[in-house]
Amino acid sequence: MNILDFLKENILYLDGSMGTLLQKNGLKLNELPEEWNITHPDVIRKIHLDYYNSGSNVVSTNTFGANTLKFNLDELEKIIKAAFENAYFAKENSTSKGEKFIALDIGPTGKLLKPYGDLGFEDAVKIFADTIKLGVKYGADLIFIETMNDSYETKAALLAAKENSNLPIFVSNAYSEDGKLMTGATPEAMVALLEGMGADAIGANCSLGPKMLEGVVKKLLKYASVPVILKPNAGLPKEENGKTLYDVSPEEFSEDVKNYVKDGVRIVGGCCGTTPEYIKEVFEKTKDLTPKPAEKKDITMVSSYTHAVLFDKKPVLIGERINPTGKKRFKQALLENDINYILEEGIKQHSKGVDILDVNVGLPDIDENKMLTDVVEELQTVTNLPLQIDTSNFEAMENALRCYNGKAMINSVNGKKESMEKIFPLAKKYGGVIVALTLDENGIPENSEGRLKIAKKIIETAKEYGIDKKDIIFDTLAMALSADKDAPKETLKALYEIKNTLKCHTSLGVSNVSFGLPSRDAINSTFFAMALTKGLSAAIMNPYSFDMMKTYYSYCALCGMDENFEKYIDYMSNNAPSPQKSDVPVQKSEVSINSDDKTELQLAIEKGLKDKAGELTQSLIKTINPFDIIQNEVIPALDVVGKGFEEKKVYLPQLLMSAEAAKASFECIKQNASTSKSDMTKKCTVVIATVHGDIHDIGKNIVKLLLENYGFDVIDLGKDVPPETILEKVTETNAPIVGLSALMTTTVPKMEETIKLLNKKAPNCKTIVGGAVLNKEYADKIGADKYAKDAMEAVRYADIINSKL
């Protein structure tokens, strides 16, 4: 039976932890778990068999870390072949009467993708593809992508699975205590991305115990139309009598999972710390429950790498300024490849309150394909707004959608056969909300009836590609009032009919209506208000226009969409023209990004504008002491971003890009400074390492980058570092601080061993520990001086220690 058919009527039971049981069976810290498929097949087969016999329908192969970063292709094939032989042995010898399936298990690479790390997106796709091809070859029933804590790497894995197999694909992410992925994505954002790309089931695993995932699970159930997966840890680890134990018992674990199944979770299992006993308890408590069907959600949403934007009652604003039409300076920027100018335009629109940025770089004299991809990639480093990819070049559209980290808006399709044949396959593959123009081979119908007819044709054709109308937003095309006095009325009539008859969302390029007329903002804003009353869902508009924004905030206030009129009052207080001046302020497209008396360099660092930070520093260093630039410009900017990160207002990618911008400033200072070394004195030395047996270094590398930017002399010993090596470097350098990282539960004991050695041999050295498997209680128990829940907390503590030296 196909697993998706089985899932329609049944609760699907996954297995529990593989790593926990391998550790119990003697896996050593310097051994790769995947090699046990070959060296200890009897152990792997028994683990699979015990899970099947405990009630699991699905066992995942011991291939979580099997990829070409660890093994060459020949080694990888031998490991995956053996992994499936072990799983099939268990399947054939199980005494359980339930349906049985084998999943190819795919875990993260352990690297951050560019621009935040050093692994390219297409390189990541290839790494996952190499493993997936072998999984298909040796008999996988499905692909299970799990424990992903970054939306971009998740997309790379899912894309590789779609391009190299026809198997069902389940995707599960690792959410932190704040309910977001490490790089900031909310559950809603992941639903938008994963459903848009065609994942068959989505969910959450690892990181936390079942109770602590309640908020995440509720959101997944609220927004997802596909079955939801839950595979939590058995709580958090603790050390007792030299053994790593977990604080949630099988009884408590299964009771929590049962409640989630009652709420609608359809696929359940366990992650770190869970054993066949846990799965058996879950199976026994839920086997007689009637599974709730996964309900189709008619929710239209796009997403960035941090959040989703929903098309609902409140109108969505789409900034129109990244577009060369009628903009001489923007055309110049495109011709000169001045990406910084384009990025600043995005930042300025973001600051003006738009929800989405339209991105159009179409110009005959440039390589639009390359430029669009470059702009889309770079914009995502300085703003977390979702993007609307706006091009008539189908190749450029595909490349931009492929590299986009989220679910984009696709601008556009129309009723022409060629357009639909090109755009719908792209939307189906990469996901997206499609802007559909109500025109076809015969042009733009003069009346609303003709536009409604085209809209119906687009909906029916989209169905043939498996695209639901919730992922289509219709643009009924605002035409110039100066050319036809009845054109706006027909546009609004078509908009109303589509919204109320077809139950679809709508969008308009509002400013087109005033073409050829004076005082265009007056016409635009009034037409905007008329469209809003007809049910306009989104407007592509100029956020620098006071009249347009005034209309928007007034409408939201009048319709009960602005609690206590906060946004209306704030906007009018800061933007309304002074009575002594003209009633209408002069509108400028060139809006300064400076605010709150911050310097240009501070703003560039805060916004992550690396190239601009370097250029500004190069200019400042001619007249200002380098030490003053660091103390008065760079560090204050980093502090602002760091505080935002600690308050959950800024996310990891933004923090990292700001750090890179600061790094560009520092590099410029190093190359040009003529000051004495005493002016550039660093803070104390910090030795950092990922503990012995652990090969994950993302967290460590983030801490390193931030510590260096704050002036610390960082010695990075890398990953899988023995305690003795760490002690040796501390003794050699007399370092007062050591930072230790661990991601795997199996390596936490080595962290404790390292701390004990340091406490004995270098008692004046303070230890900072961090990692997904740690908490403050556990850190205290193993003798660490400080548990840092994130990189900024590590920096703050290091500053305290440095100040006492």
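Quick caveat, the model's predicted, so the values are computed rather than measured. (Residues numbered from 1 in each chain as written. Predicted model: local features only at pLDDT ≥ 70, side-chain atom pairs only at ≥ 80, totals over all residues. Heavy atoms only, no water.)

**Here we look at the overall build of the chain**
The test is simple: The way it works is that DSSP assigns letters per residue, a run of H or I at least four long becomes a helix, a run of E at least two long becomes a strand, and they are numbered from the N terminus. With a 1.4 Å probe rolled over the protein chains alone, any residue whose accessible area is under 20% of its type maximum counts as buried; one over 50% counts as exposed, and the rest are partly exposed. We call two residues in contact whenever any of their non-hydrogen atoms come within 4.5 Å of each other. Only the protein chains shown count as cover for residues, and all accessible areas are computed by the Shrake-Rupley method using a 1.4 Å probe. Charge counting follows a simple rule: Lys and Arg are positive, Asp and Glu are negative, and His as well as the terminal groups are ignored. We put the charge of a Lys on NZ, of an Arg on CZ, of an Asp on CG and of a Glu on CD.
Across its full length, the chain holds 30 helices and 25 strands. Considered along the principal axes of its C-alpha atoms, the chain spans approximately 85 × 75 × 50 Å. Expressed as a percentage of the 805 residues in the chain, the buried residues total 59%. Pairs at least 24 apart in sequence give 75% of the contacts found in the chain among residues at least 6 apart. Per element, the accessible surface of the chain, about 33000 Å² overall, is 49% carbon and sulfur. Considering the chain, the positive charge centre built from 98 side chains and the negative charge centre built from 115 side chains are found 2 Å apart.

**Topic: helix α13 (residues 339–351)**
Worth spelling out the cut-off: The length a helix should cover is 1.5 Å for every residue beyond the first.
The end-to-end C-alpha separation of α13 is 19 Å, in line with the 18 Å expected for 13 residues at 1.5 Å each. With respect to burial, α13 is a largely interior element, 11 of its 13 residues being buried. Three or more residues of α13 are buried, namely Ile339, Asn340, Tyr341, Ile342, Leu343, Glu344, Glu345, Gly346, Ile347, Lys348 and Gln349. Phi turns positive, to about 105 degrees, at Gly353, one or two residues after α13.

**Structural notes on the environment of Asn447**
Inclusion rule: For this analysis, a polar contact is any N or O atom pair within 3.5 Å, provided that within protein one partner can donate a hydrogen and the other can accept it, and provided that sequence-adjacent residues contribute only side-chain to side-chain pairs.
Checked against the element boundaries, Asn447 lands in the loop between β17 (433–437) and α17 (448–464). In sequence terms Asn447 and Ala604 are 157 residues apart; their C-alpha atoms lie 49 Å from each other. One polar contact links the side chain of Asn447 to the main-chain amide nitrogen of Glu449, over a distance of 3.4 Å.

**Observations regarding the sheet that holds strand β7 (residues 228–231)**
To keep things clear, this is the line we draw: DSSP-based pairing: two strands are paired if at least 2 bridges between them are found. Axis definition: a line fitted to C-alpha atoms, limited for helices to the stretch in contact. Angles are taken between N-to-C directions and run from 0 to 180 degrees.
Pairing is parallel in the open sheet, where eight strands are placed in the order β1-β10-β7-β6-β5-β4-β3-β2. The open sheet has two edge strands, β1 (12–13) and β2 (58–60), and neither has a second partner. Note: strand β4 (residues 142–148) against strand β5 (residues 169–173), four bridges, orientation parallel. Its bridge partner lying in β5, Phe144 is registered against Phe170. Strands in contact with helix α5 (residues 73–93) are β2 and β3 (101–106); relative to β3, the strand with the most contacts, it is inclined by about 150 degrees. In the packing of helix α6 (residues 121–137) onto the sheet, the strands contacted are β3 and β4, and the crossing angle to β3 comes to about 165 degrees.

**Focus: the pairing of β17**
How we decide: By convention, a crossover is right-handed whenever its connection, traced from the first strand over the helix to the second and viewed with the strands pointing away, goes clockwise.
Across the five residues that make up β17, a large majority, five, are buried. Along β17, one buried face is formed by Val433, Val435 and Leu437 and the opposite face, lined by Ile434 and Ala436, is buried too. In this structure, strand β16 (residues 409–414) lies alongside β17, joined through five bridges in parallel fashion. Directly across from Asn411, in β17, lies its bridge partner Val435. For the crossover that starts at β16, traverses helix α16 (residues 417–430) and ends in the parallel β17, the hand is right-handed. Bridge count between β17 and strand β18 (residues 472–475): four bridges; the pairing is parallel. Across the sheet, Val435 pairs through a bridge with Ile473, a residue of β18. Chirality of the crossover, the property in question, places the unit of β17, α17 and β18 among those that are right-handed.

**Considerations on the side chain of Asp105**
The cut-off we apply is this: Think of a salt bridge as a Lys or Arg side-chain nitrogen and an Asp or Glu carboxyl oxygen that are within 4 Å of each other.
Mapped onto the elements of the fold, Asp105 is located in strand β3. An unpaired buried charge is present at Asp105: no salt bridge exists, and Lys231, the closest side chain of opposite charge, is 6.3 Å distant. Residue contacts for Asp105: discarding those within four places in its chain leaves Ser60, Thr61, Thr63, Phe64, Phe144 and Glu146.

**Observations concerning the state of the cysteines**
Definition in use: When two cysteine sulfur atoms lie within 2.5 Å, the pair is treated as a disulfide.
The tally for this structure, following the rule as stated, stands at zero disulfides. Of the cysteine sulfurs around Cys271, a residue in no disulfide, the closest is that of Cys206, at 3.9 Å. Given the relative accessible area of 9%, Cys271 is considered buried. Cys765 takes part in no disulfide bond, and the closest cysteine sulfur to it belongs to Cys684, at a distance of 9.5 Å.

**Looking at the confidence of the model for the chain**
Put simply, the test is: Confidence of the predictor at the level of single residues is given by pLDDT, which spans 0 to 100.
Overall, the predicted model of the chain reaches an average pLDDT of 93, with 96% of residues at or above 70. Throughout residues 581–594 the model reports pLDDT below 50, and contacts reaching past four residues in sequence, or to other chains, amount to 28 contacts. Under a pLDDT of 50 for its full length, residues 675–679 has, in the predicted model, five contacts with residues more than four places off or in other chains.

**Observations regarding the packing of helix α15 (residues 394–403) against α16**
Under the convention used in this document: Working definition: roughly parallel below 35 degrees, roughly antiparallel above 145 degrees, roughly perpendicular at 65 to 115 degrees, and oblique for all remaining angles. When residues are sorted by character, Ala, Val, Leu, Ile, Met, Phe, Trp, Tyr, Cys and Pro go into the nonpolar class, Asp, Glu, Lys and Arg into the charged class, and all the rest, Gly among them, into the polar class.
Where α15 contacts α16, the two axes come as close as 10 Å, and the packing angle between them is 10 degrees. Comparing their axes, α16 and α15 come out roughly parallel. Each of Phe394, Met397, Glu398, Leu401 and Arg402 in α15 lies in contact with α16, whose residues at this interface are Glu418, Ser419, Lys422, Ile423, Leu426, Lys429 and Tyr430. Residues belonging to the contact of α15 with α16 are distributed by class as follows: six nonpolar, one polar and five charged.

**Quick word on empty space enclosed by the protein**
The test is simple: Put plainly, a pocket is an open set of points on a 1 Å grid over the protein atoms alone with protein on both sides within 12 Å along at least five of seven lines, a cavity is a set where a 1.4 Å probe fits but cannot get out, and a lining residue has an atom within 4 Å of a point. Grid points are joined across faces, edges and corners, and a volume is the space filled by probe spheres set on the points.
Scanning the model with the defined rule gives one cavity of 30 Å³ or more in all. As for the largest cavity, its lining consists of Thr63, Phe64, Gly65, Ala66, Asn67, Asp105, Ile106, Gly107, Thr109, Ile127, Phe128 and Thr131. Contributions of two or more residues to the lining of the largest cavity are made by β3 and α6. When its residues are assigned to classes, the lining of the largest cavity shows five nonpolar, six polar and one charged.

**Concerning the sheet that holds strand β25 (residues 786–787)**
Read across the open sheet, the five strands follow the order β22-β21-β23-β24-β25; overall the sheet is parallel. For this open sheet the edge positions go to β22 (713–716) and β25, each flanked by a neighbour on one side alone. Bridge count for strand β21 (residues 685–690) against strand β23 (residues 737–741) is five bridges, and the pairing is parallel. Each residue of the ladder has a partner; that of Val687, found in β23, is Val738. Its contacts with the sheet put helix α30 (residues 791–803) on β23, β24 (766–770) and β25, and the angle it makes with β24 is roughly 175 degrees.

**Regarding the packing of aromatic side chains**
What counts here: Two rings from Phe, Tyr or Trp (for Trp, the six-membered ring) form a pair when their centres sit within 6.5 Å of each other. Planes less than 30 degrees apart are called stacked, planes more than 60 degrees apart edge-to-face, and all others tilted.
A complete count under the given rule lists nine aromatic pairs for this structure. Note on Tyr13 and Phe283: the rings are 5.1 Å apart at their centroids and 70 degrees apart in plane angle, and the pair reads as edge-to-face. Of the two residues, Tyr13 sits in strand β1 while Phe283 sits in helix α11 (residues 276–286), which places them 270 residues apart along the sequence. Taken together, a centroid distance of 6.3 Å and an interplanar angle of 65 degrees make the contact between Phe330 and Tyr341 edge-to-face. Separated by 11 residues along the polypeptide, Phe330 in helix α12 (residues 328–335) and Tyr341 in helix α13 bring together distant segments of the chain. Classification of Phe330 as buried rests on a relative accessible area of 1%. The exposure class assigned to Tyr341 is buried, which follows from its relative accessible area of 10%. Through a chain of ring-to-ring contacts, the aromatic side chains of Phe546, Tyr552, Tyr553 and Tyr571 assemble into a single cluster.

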